[in-house]
Amino acid sequence: MVVFEKPKALTDAPFHYCPGCTHGIIHRLVAEALDELGIEGKTVGVAPVGCAVMAYNYFTCDMVEAAHGRAPAVATGLKRCMPENVIFTYQGDGDLASIGMAETVHAATRNENITIIFVNNAIYGMTGGQMAPTSLPGQVTQTSPYGRDVTTAGYPVKVSEMLSTLDGPEYIERVAVNNVKNVRNAKKAILKAFKNQIEGKGFSLVEVVSSCPTNWGMTPSKALEWIDENMIPYYPLGVYKDRSAKEE
Amino acid sequence: MAEKVLMKGNEAIAEAAIKAGCRHYFGYPITPQTEIAAYMAKRMPKIGGTFLQAESEVAAINMVYGVAGAGFRVMTSSSSPGVSLKQEGISYIAGADLPALIVNVQRGGPGLGGIQPSQSDYFQATKGGGHGDYHLIVLAPASVQEMADLTIKAFDLADQYRVPAMLLADGTMGQMMEPVELPDLPPAEIEKPWAVRGTKGERKHNIINSLYLDPELLEKTNFERFEKYKVIEEKEAMYESFMMEDAEYCVVAFGIAARVSKNAVVAARKKGIKVGLIRPITLWPFPKKVMAEAAEQCKAFLSVELSMGQMIEDIKLHTGCKKPVELCCRTGGMIPAPEQVLGSIEKLAKENQ
Amino acid sequence: MTTQILIAGFGGQGVLFAGKFIAYKGLLEQKEVSWLPSYGPEMRGGTANCSIILSDDPVGSPIVSNPDVLIAMNLPSLDKYENAAVAGGSIFVDSTLIGRKVERTDVKTFYIPATKMANDAGIPTLANMIMMGKMIKETGIVNFGDITDALKKVVSAKRANLLDLNIKALEAGYNYQD
């Protein structure tokens, strides 16, 4: 009996992610969604700049590598010329909520029929642990060595809350991947975000609260606890917007 | 061919793009090219195409990148400050070897500059503009008819070589109306097996990408791209020669500057000065061969530009600095009068007998 | 032969439209033509002008700096361009809005109370076309016949009711005697 299999929508290329990083889990959840919905052959993914920059090597579907922050614009182009295809972006917090904020907000407000997987680990991972737009108040990073001082660096951006104030988007949910129950919920949310697109419902974004043991300076298990203790209180999990559910 | 109609240069670009099979346009308002967006906004929804007013020039060019990656004909248009914003995306498009059309209806700069015509983005267009080793195919129309013809040509060249193309016009060309004939073209669909349209489970995935962390691989990719550029330089240079057969002096100008220079050349001929005009139609590839030939034939050159002198460097380079090259220019949105150019030709002839 | 025309006035006087009509008339008579507007914020209520060139040969520069024919629709335009007109050229003045005479003596001058005529005729927006009618009469750069064909190219189908009014204005200008 097969208990667990690698999803077909993942290639055999070994992940370059650090030990204990949750990108691996999130990749798997996305690939499982593509498998279960049978859409891998008509999906085009858009990779960001950041830790997931080489996501194009990991998914078996067609992939585009976008400039930093521009994935929602690239996805908009792809979706507009191929409305029957499934288009998703996979972006981190620096990419989506800092340099790409305009692209994110405007894709959302246009209700662009795309799926966005937003990985929020409160830090710039790839460049070595700088302060992100989502770094918590007081959080020590390479560029906030005395802790994020909100009087000079401002407050973290709560992406799901902010986007859900817009009339445009269809579906916004925040999930986490730090325990089995949360991973299961994350899977459901990601599936729904893809289904929405197939059903033509529009902009669906799943914010995944994630860890970065390397740059947080913790063991992987401690990092997962840190999510519960620090991240989730600031970034509460849940559905922030679900237009269709409201209508039904 | 259809009947001749009067069209603004900007509208001619838009209609020609549609004729060429472009069904996807992304842009952001900026004077003096907004008619292109307005035209597309009107037409695209009626022919099943995309018109999208993007949130920024940056977003617009990245939408273009997406459609280009899927292998469909796509364009954006802007004017100088907006084209600066697009440079990031243009570099990525070049780095991923994608065909696309970028239109720059130039206005005065630097900075916010002005809204009157200019040619001061020559360096940006022909020498890179964005980061990294790359070129665009750069076409410079000098009439409304050429605004249309070169738009179609740009799409063809971009597809053929997988190189982004730029139409480098200016505010005058965009705003003026002249008679134009638009051809009825068969859809120019060429095979694009590299495009990302979904694997359909039938092939390994395609990846549109410009990232090469292995420097040897990046170098190899750049070498290969420059081999392609060599072919383009060899085959695709375009220019117009005017009264050059017996010319002792050569005016070099493109776009609106060439229109003004033609008047001046005719006037100088009436005064007995044997002068001709070479009008580069492709700015990259620059028409090197004819320039080298002219260096043998002529005593001196005059570069007429709506800038502080940018193309003049290419003239010096490709004439091998064998003969004097002088500059006649206006900048900031001003256009040299034919009399100014005539005066410069007379001075050139007097000083280089 | 080449004729360079400059039409200048306030934004809203239909300067660009009048130019477009002349350009189309020229095109329909198989001439080479160009039309170049001033553009930018000045179009909204400031001064507007446009350059039209009609020629038997391909048009070189589309910019008219020394017009053979100047049509001045307001005083600032006459002040600005009077000295630019070529010697032996023609200056047409809307004498309702311009109180002074042309100072030059080496040009032909025509004074038409176009704005008043337009108001009196109940077509207050068509002083521009009254000026065009007179200009065609005096310069003969295009034929007055078949003006409807050229008008149809510049009056949008949605506003076809304006066609007759434009013809009326052109005829009023064409038949106007000082």
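Criteria and thresholds
- Residues numbered from 1 in each chain as written.
- Chains lettered and ligands numbered in written order.
- Predicted model: local features only at pLDDT ≥ 70, side-chain atom pairs only at ≥ 80, totals over all residues.
- Heavy atoms only, no water.
- Helix = DSSP H or I, 4+ residues; strand = E, 2+ residues; numbered from the N terminus.
- Buried < 20%, exposed > 50% of the residue type's maximum accessible area, 1.4 Å probe, protein only.
- Contact = heavy atoms within 4.5 Å.
- Areas by Shrake-Rupley, 256 points an atom, 1.4 Å probe, with all protein chains shown as cover.
- Lys, Arg positive; Asp, Glu negative; His and termini not counted.
- Charge placed at Lys NZ, Arg CZ, Asp CG, Glu CD.
- Pairing = 2+ DSSP bridges.
- Axes fitted to C-alpha atoms, helices over the stretch in contact; angles between N-to-C directions.
- Buried area = accessible area lost by both parts, 1.4 Å probe.
- Salt bridge = Lys/Arg side-chain N within 4 Å of Asp/Glu carboxyl O.
- Polar contact = N/O pair within 3.5 Å; in protein donor to acceptor, adjacent residues only side chain to side chain.
- Parallel < 35°, antiparallel > 145°, perpendicular 65-115°, else oblique.
- Left-handed = near helix turned anticlockwise from the far one by under 90°.
- Nonpolar A, V, L, I, M, F, W, Y, C, P; charged D, E, K, R; others polar.
- Expected span 1.5 Å × (residues − 1).
- Bend = angle between axes of the 7 residues up to and from the residue.
- pLDDT = per-residue confidence, 0-100.

The secondary structure content of chain A amounts to 10 helices and seven strands. Along the longest, intermediate and shortest principal axes, the C-alpha atoms of chain A span 50 × 45 × 35 Å. Expressed as a percentage of the 248 residues in chain A, the buried residues total 61%. At a minimum sequence separation of 6, the contacts of chain A that also span at least 24 residues come to 69%. For chain A, the computed accessible surface area is about 9400 Å², with 57% contributed by carbon and sulfur atoms. Put simply, chain A has 22 plus and 26 minus side-chain charges, and the middle of one group is 3 Å from the middle of the other.

This part covers the sheet that holds strand β2 (residues 62-65) of chain A. Strand order in this open sheet of eight strands is β7(A)-β5(A)-β6(A)-β4(A)-β3(A)-β1(A)-β2(A)-β9(B), and the pairing throughout is mixed. Among the strands making up the open sheet, the edge pair consists of β7 (238-242) of chain A together with β9 (207-208) of chain B. Pairing geometry for strand β3 (residues 86-92) of chain A and strand β4 (residues 115-120) of chain A, over five bridges, is parallel. Bridge pairing links Gln91 of chain A to Phe118 of chain A in β4 of chain A. Against the sheet, helix α2 (residues 71-81) of chain A makes contact with β1 (43-47), β2, β3 and β4 of chain A, and its axis sits at roughly 175 degrees relative to β3 of chain A, the strand it touches most. Against the sheet, helix α7 (residues 180-198) of chain A contacts β3, β4, β5 (171-176), β6 (204-209) and β7 of chain A, and its axis sits at roughly 160 degrees relative to β5 of chain A.

Now for the interface of chain A and chain B. Contact residues are listed per partner, giving 35 residues for chain A and 32 residues for chain B. Among the residues chain A hides against chain B, the three largest losses belong to Tyr56, Asp62 and Cys81 of chain A. Together they make up 22% of the total. The tally of links from chain A across to chain B stands at three salt bridges. Of the charged contacts in the structure, one is a salt bridge between Arg203 of chain B and Asp62 of chain A, with a shortest N-O distance of 2.8 Å. Summed over the shared surface of chain A and chain B, the result is 16 residue pairs in polar contact (both at pLDDT 80 or more). For the side of chain A that touches chain B, the secondary structure elements donating two or more residues are β1, β2, α2 and α4 (101-109) of chain A. The biggest single contributor to the side of chain A that touches chain B is α2 of chain A, with seven residues.

Attention now moves to the environment of Lys42 of chain B. Its location among the elements puts Lys42 of chain B in helix α2 (residues 34-43). In this structure the C-alpha to C-alpha distance between Lys42 of chain B and Ala165 of chain B, which are 123 residues apart in sequence, comes to 24 Å.

Residue and element names in this part refer to chain C. Interhelical geometry of helix α1 (residues 15-28) versus helix α5 (residues 147-154) gives an angle of 125 degrees and a closest axis separation of 9 Å. On the basis of their axis angle, the class for α1 and α5 is oblique. Crossing of α1 over α5 shows right-handed handedness. Counted together, Phe17, Lys20, Phe21, Tyr24, Lys25 and Leu28 of α1 and Ile147, Asp149, Ala150, Leu151, Lys153 and Val154 of α5 form the full contact between these two elements. When grouped by side-chain class, the residues that make up the contact of α1 with α5 number eight nonpolar, no polar and four charged.

This part covers the pattern of salt bridges. If you walk through the whole model with that rule in mind, you get 46 salt bridges over all chains. For Glu32 of chain A, the salt bridge goes to Arg28 of chain A, with nearest N and O atoms at 2.9 Å. One end of the pair, Glu32 of chain A, and the other, Arg28 of chain A, are both in helix α1 (residues 23-37), four residues apart, so they sit about a helical turn from each other. For Glu32 of chain A, a relative accessible area of 16% puts it in the buried group. Classification of Arg28 of chain A as partly exposed rests on a relative accessible area of 23%. One salt bridge in this structure joins Arg100 of chain C and Asp79 of chain C, with 2.9 Å as the shortest N-O distance. Of the two residues, Arg100 of chain C sits in the loop between β5 (90-94) and β6 (108-112) while Asp79 of chain C sits in helix α2 (residues 75-81), which places them 21 residues apart along the sequence. Taking the relative accessible area as the measure of exposure, Asp79 of chain C reaches 43% and is therefore partly exposed.

With that settled, consider helix α4 (residues 80-95) of chain B. All names here are of chain B. End to end, α4 covers 22 Å across 16 residues, agreeing with the expected 22 Å (1.5 Å per residue, within 8%). Residue Lys86 marks the point of greatest curvature in α4, where the axis turns by about 45 degrees. Within α4, 12 of the 16 residues are buried, which leaves the element mostly enclosed by the surrounding structure. For α4, every residue scored as buried is listed here: Ser80, Gly82, Val83, Lys86, Gln87, Gly89, Ile90, Ser91, Tyr92, Ile93, Ala94 and Gly95. Those residues of α4 that are buried lie in contact with α3 (57-69), β4 (74-78), β5 (101-106), α5 (122-126), β7 (165-170) and α8 (215-235). Of the residues one or two after α4, Asp97 is the one with positive phi, at around 55 degrees.

A separate point is the confidence of the model for chain C. For chain C, per-residue confidence averages 94 on the pLDDT scale, and residues scoring 70 or more make up 96% of the total. Prediction confidence for the complex, expressed as pTM and ipTM, is 0.95 and 0.93 respectively.

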